[in-house]
Amino acid sequence: MSQLLAPKPNLSPAATAATASANTASPAAAFDVARIRHDFPILGLSVAGKPLVYLDNAASSQMPQAVIDRLVHYQTHEHANIHRAVHYLSETATAAYEAARVTLQRFINAPEAREVIFTSGTTDSINLVAQSWGRQNIKAGDEIILTVLEHHSNIVPWQMLAQEKGATIRVVPMNDAGELELDAYQALFNARTRLVCVGHVSNALGSIHPVKEMIDFAHAHGVPVLVDGAQAAPHLAVDVQALGCDFYAFSGHKLCGPTGIGILYGRAALLEAMPPYKGGGDMIHTVTFEKTTYAPIPNKFEAGTPPIAAAIGLAAAVDYISGIGMSVIAAHEHSLLADATEQLAAMAGVRLIGTARHKAAVLSFALQGIHPHDVGTLLNQEGVAVRTGHHCAQPLMARLGVAATSRASFAFYNTHADVDALVAGIRAVQKVFA
Ligand SMILES: *Cc1c(COP(=O)(O)O)cnc(C)c1O
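The structure displayed is predicted, hence computed values, not measured ones.

1. Brief notes about the domain arrangement of the chain
With domains assigned, the chain is organised as domain 1 (88-322) and domain 2 (326-432). Look at where the C-alpha atoms of domain 1 and domain 2 centre, and you get two points 28 Å apart. Across the domain 1/domain 2 interface, buried area totals approximately 2,300 Å², and carbon plus sulfur atoms make up 61% of it. Counting across the interface, domain 1 meets domain 2 through two salt bridges. Ionic pairing is found between E179 and R357, a salt bridge with its closest N-O pair at 2.9 Å. Counting across the domain 1 and domain 2 interface gives 15 residue pairs in polar contact (both at pLDDT 80 or more). Among the residues forming the side of domain 1 that touches domain 2, the class breakdown is 17 nonpolar, nine polar and three charged.

2. Describing the pattern of salt bridges
On inspection of all chains with the given rule, the structure shows 18 salt bridges. Between R101 and E98 there is a salt bridge, with the nearest N and O atoms lying 2.8 Å from each other. Note that R101 and E98 are positioned in helix α5 (residues 88-107) at a spacing of three residues, about one turn of the helix. Classification of R101 as buried rests on a relative accessible area of 1%. Note that D216 and K212 form a salt bridge whose closest N and O atoms lie 3.1 Å from each other. Placement of both D216 and K212 in helix α9 (residues 211-220) is noted, with a separation of four residues, approximately one turn of the helix. Looking at D216, the relative accessible area reads 39%, which means it is partly exposed. Each of D56, R387 and R407 takes part in a single network of salt bridges with overlapping partners.

3. Here's the deal with the side chain of T341
Along the chain, T341 falls in helix α13 (residues 326-345). By relative accessible area, which is 5% here, T341 ends up buried. At 2.6 Å, the side chain of T341 and the backbone oxygen of L337 are in polar contact.

4. Points about the pairing of strand β9 (residues 247-251)
Of all five residues that make up β9, five are buried, and the element is covered over most of its length. As paired elements, β9 and strand β10 (residues 262-266) share five bridges and run antiparallel to each other. If you follow F247 over to β10, its bridge partner there is G266.

5. A closer look at the sheet that holds strand β17 (residues 405-409)
With antiparallel pairing, four strands are arranged side by side in an open sheet as β13-β14-β17-β16. Pairing within the sheet leaves two strands with one partner each, and these edge strands are β13 (350-353) and β16 (387-389). Taking the axes of each pair of neighbouring strands and ignoring which way they run, one obtains an average angle of 30° across the sheet. Two elements, strand β14 (residues 362-367) and β17, share four bridges in a ladder whose sense is antiparallel. What sits directly across from V362, in β17, is S409. Sheet contacts for helix α16 (residues 416-433): β13, β14 and β17; angle to β14, the most-contacted strand, approximately 15°.

6. Examining α9
Of the residues making up α9, those classed as buried are V211, M214, I215 and A218. Angular distribution of buried residues about the axis of α9 spans 100°; they occupy a single face of the element. Buried residues along α9 sit against β5 (143-147), α8 (182-187), β7 (193-199), β8 (225-228) and α10 (240-243). Just beyond α9, the residue with positive phi is G222, at close to 70°.

7. Overview of the environment of A411
Tracing the backbone through its elements, the reader meets A411 in the loop between β17 and α16. In this structure the C-alpha to C-alpha distance between A411 and R399, which are 12 residues apart in sequence, comes to 27 Å. Every residue in contact with A411, bar those within four places of it in the chain, is listed here: N57, E333 and L336.

8. Description of the site of the ligand
As a structural note, the neighbourhood of the ligand is formed by T122, T123, H151, S153, N203, D228, A230, Q231, S251, H253 and K254. At a separation of 2.5 Å, an oxygen atom of the ligand approaches a polar side-chain atom of T123. Alone, the ligand offers 380 Å² of accessible surface; in the complex the protein occludes 85% of this. Along the lines of polarity and charge, the residues of the shell around the ligand split into one nonpolar, eight polar and two charged.

9. Looking at the nonpolar core
Within the largest apolar cluster, 83 residues are counted, with the highest numbers of intra-cluster contacts made by V196, Y248, F250, I321, L396, F412 and Y413. The element that contributes the greatest number of residues to this core is helix α12 (residues 308-324), accounting for 13 residues. When residues of this core are assigned to domains, at least three fall in each of domain 1 (88-322) and domain 2 (326-432). In this structure, Y413 is in contact with V33, I36, R37, F40, L43, Y54, N57, S61, Q62, C256 and D418, ignoring residues within four places of it in sequence. Within the second largest apolar cluster, 27 residues are counted, among which are L55, L336, V384 and V419.

10. Overview of helix α14 (residues 372-381)
Taken together, the buried positions of α14 are occupied by P372, V375, G376, L378 and L379. Close packing links the buried residues of α14 with β14, β15 (384-385), β16, β17 and α16. Taken from the residues just after α14, G383 is the one with a positive phi, measuring 85°.

Reading the values: rules and limits
Residues numbered from 1 in each chain as written. Predicted model: local features only at pLDDT ≥ 70, side-chain atom pairs only at ≥ 80, totals over all residues. Heavy atoms only, no water. Domains from an automatic or database assignment. Buried area = accessible area lost by both parts, 1.4 Å probe. Salt bridge = Lys/Arg side-chain N within 4 Å of Asp/Glu carboxyl O. Polar contact = N/O pair within 3.5 Å; in protein donor to acceptor, adjacent residues only side chain to side chain. Nonpolar A, V, L, I, M, F, W, Y, C, P; charged D, E, K, R; others polar. Helix = DSSP H or I, 4+ residues; strand = E, 2+ residues; numbered from the N terminus. Buried < 20%, exposed > 50% of the residue type's maximum accessible area, 1.4 Å probe, protein only. Pairing = 2+ DSSP bridges. Axes fitted to C-alpha atoms, helices over the stretch in contact; angles between N-to-C directions. Contact = heavy atoms within 4.5 Å. Arc of directions from axis to C-beta. Near = heavy atom within 4 Å. Areas by Shrake-Rupley, 256 points an atom, 1.4 Å probe, with all protein chains shown as cover. Core = buried A, V, L, I, M, F, W, Y, C linked by side-chain atoms within 4.5 Å.

The structure is reproduced here in structure tokens:
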């Protein structure tokens, strides 16, 4: 089989900028991956008698001991319900929860802490915007622009809204490398365009989209933009003010934090004008049976008891990641991606899927004549964990003309030895089918 030769991915503009601004002389020299790996107890596991090679970080990343310890400390010394009582534990828990909000605010450089809403994850964040902002602002005949690379989480909530309102979804196409076609994007704008929803980094292909340019263009047309940052927050320095986005959504569990916690950043003026999405305790100002008035943001959008421990754990994860430095992380992951891309591109019977010039450390591939499900099962027998399937992006799979891919996705605790294990694993899989 003639293999599709992939260009070596370039360092993304974000990664380049981040590296340039780091004050260490050489990020790579300052980064000791062996020491980092000691912080992650789960990386010491064996699977099928082989050392675990965990390459499914785009689905969920692992948790360092510092985050596990923070969760244990919270449950051991600080737990109570927040915002409701004057007793010692409730005040301690409330302080830790609100401090976590400030940590997340700084992590994405949001102007104000009240613009950071704790949700249960990216999916919940996007549904919040669809059900609150969307139901208030989208009317029959309006158009919402998505891209062909979106995760189902950034498709289905908009489809549900469009069906309810009689609105239309318009889709930005991509080229065969997995890069958005910006001319086509611009051509989609018209007087009915109300909202743009775009992923920052594709979970299936790793493409880093030019969201800043897309936001600038949308704003020139008076159209707000929601960015799905689930795959960007773990890999790039995210600055919502530099991007100028109106909403930014991401998840804790892809960022070395717990499951069940995520973030919605929204510009205060938009959040303040939006109706609540869920009703209940903690989101009200006054309640009578005649009329309820709502609490100010962020509480208006945090009905009920929130995932307090998970929010505090996520802040610990962000502290841990910030302690390493996003520029250092981006540089290391880029070297893993370049290594894996070069090695897989040179293998017979291996086709790389997604060869955008600007990529995060996600590598989708197909092995000629071997079903992705078999690839995943056989790699697991080598101790190598990859994802196989449609990656919650069925429209993208349809565009690529495949039902599924195999996907290796890297985190900063992965090593070049992990890349070699993937390559050796693929050779073993090919031997079974030879
Ligand atoms: C994982 C992911 C989501 C959904 O995140 P959840 O944590 O499952 O809510 C949305 N978009 C992208 C790009 C993702 O990778």
